[in-house]
Amino acid sequence: MRISVAADSRDGVAERVVTELRRRGHEVITHGALDDGERDDWAWACELAARDVAEGRAEQAVVCCWTGTGASIAANKVPGVRAALCADAYTAGGARKWNDANVLALSLRLTSDVVLDEILDAWFAGRPSDDPADLANISHLEQI
Ligand SMILES: O=C(CO)[C@H](O)[C@H](O)COP(=O)(O)O
């Protein structure tokens, strides 16, 4: 899968996200602090990764900032993006299943290496629900 990754800093698990995604066989596009020469402020960097998803250059994205909040807010401003801030594997699996989330937002401060691996395992194992109630909720997001 092609995955766009943005971070506003190389601190915390930022670089490990890229390494781990490549190790899992994904093609990675980098933005912000992960791409020399690009603006590394979180709103700009995470917008670029979200636009990669919305405009078809990537199937999914991982957006990161120190708290994860700005990253998720910036990504969710892009139409068609469903970004979920996940601090644990259960939330990540639920975001794929119930929200059909296409962007994973992470806190660089909170996410340890071990928890990152658990989150990525759950995220990539997760499949969108085919329950009509879940589909109706996801569909309604585009009307809000
Ligand atoms: O968590 C964040 C935004 O939600 C940022 O990573 C945090 O504000 C730090 O940014 P800066 O290094 O530019 O002060």
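As a reminder, the structure under discussion sits directly above these lines.
How each quantity is defined
- Residues numbered from 1 in each chain as written.
- Predicted model: local features only at pLDDT ≥ 70, side-chain atom pairs only at ≥ 80, totals over all residues.
- Heavy atoms only, no water.
- Helix = DSSP H or I, 4+ residues; strand = E, 2+ residues; numbered from the N terminus.
- Contact = heavy atoms within 4.5 Å.
- Polar contact = N/O pair within 3.5 Å; in protein donor to acceptor, adjacent residues only side chain to side chain.
- Near = heavy atom within 4 Å.
- Areas by Shrake-Rupley, 256 points an atom, 1.4 Å probe, with all protein chains shown as cover.
- Nonpolar A, V, L, I, M, F, W, Y, C, P; charged D, E, K, R; others polar.
- Axes fitted to C-alpha atoms, helices over the stretch in contact; angles between N-to-C directions.
- Parallel < 35°, antiparallel > 145°, perpendicular 65-115°, else oblique.
- Left-handed = near helix turned anticlockwise from the far one by under 90°.
- Salt bridge = Lys/Arg side-chain N within 4 Å of Asp/Glu carboxyl O.
- Buried < 20%, exposed > 50% of the residue type's maximum accessible area, 1.4 Å probe, protein only.

Engineer: What is the right way to look at the environment of glutamate 38 in this model?
Structural biologist: Note that glutamate 38 resides in the loop between β2 (27-32) and α2 (42-54). The contact partners of glutamate 38, leaving out residues within four places of it in the chain, are Thr30, His31, Gly32 and Leu48. Among the polar contacts listed, one links the side chain of glutamate 38 to the backbone nitrogen of glycine 32, at a separation of 2.8 Å.

Engineer: What am I meant to see in the site of the ligand here?
Structural biologist: Taken together, Asp8, Trp42, Cys65, Trp66, Thr67, Thr69 and Gly70 make up all the residues around the ligand. One nitrogen or oxygen atom from the main chain of tryptophan 66 is found 2.8 Å from an oxygen atom belonging to the ligand. Threonine 69 is positioned with one of its side-chain polar atoms (N or O) 3.4 Å from an oxygen atom of the ligand. Within the complex, the protein chains bury 51% of what would otherwise be the 370 Å² of accessible surface of the ligand. By residue class, the composition of the shell around the ligand is three nonpolar, three polar and one charged.

Engineer: Sorry, what's going on with the packing of helix α4 (residues 89-99) against helix α5 (residues 113-125) here?
Structural biologist: The packing of two helices is summarised by the inter-axis angle and the distance between the axes. As a packed pair, α4 and α5 sit with axes 8 Å apart at the nearest point and diverge in direction by 20°. When the axes of α4 and α5 are compared, the pair comes out roughly parallel. Crossing of α4 over α5 shows right-handed handedness. Mapping the contact onto sequence places Ala89, Ala92, Gly93, Ala95 and Arg96 in α4 and Glu118, Ile119, Ala122 and Trp123 in α5. Residue classes in the contact of α4 with α5 are distributed as six nonpolar, one polar and two charged.

Engineer: Please clarify how the pattern of salt bridges should be interpreted in this entry.
Structural biologist: Oppositely charged side chains are able to pair whenever their charged atoms sit close together. Counted under the stated rule, the structure contains 15 salt bridges. Note that arginine 24 is salt-bridged to glutamate 20, the shortest N-O span being 2.8 Å. Classification of arginine 24 by relative accessible area gives partly exposed; the value is 26%. We note a salt bridge from glutamate 55 to arginine 51, for which the minimum N-O separation is 3.9 Å. Look at arginine 51 and you get partly exposed, because its relative accessible area is 32%.

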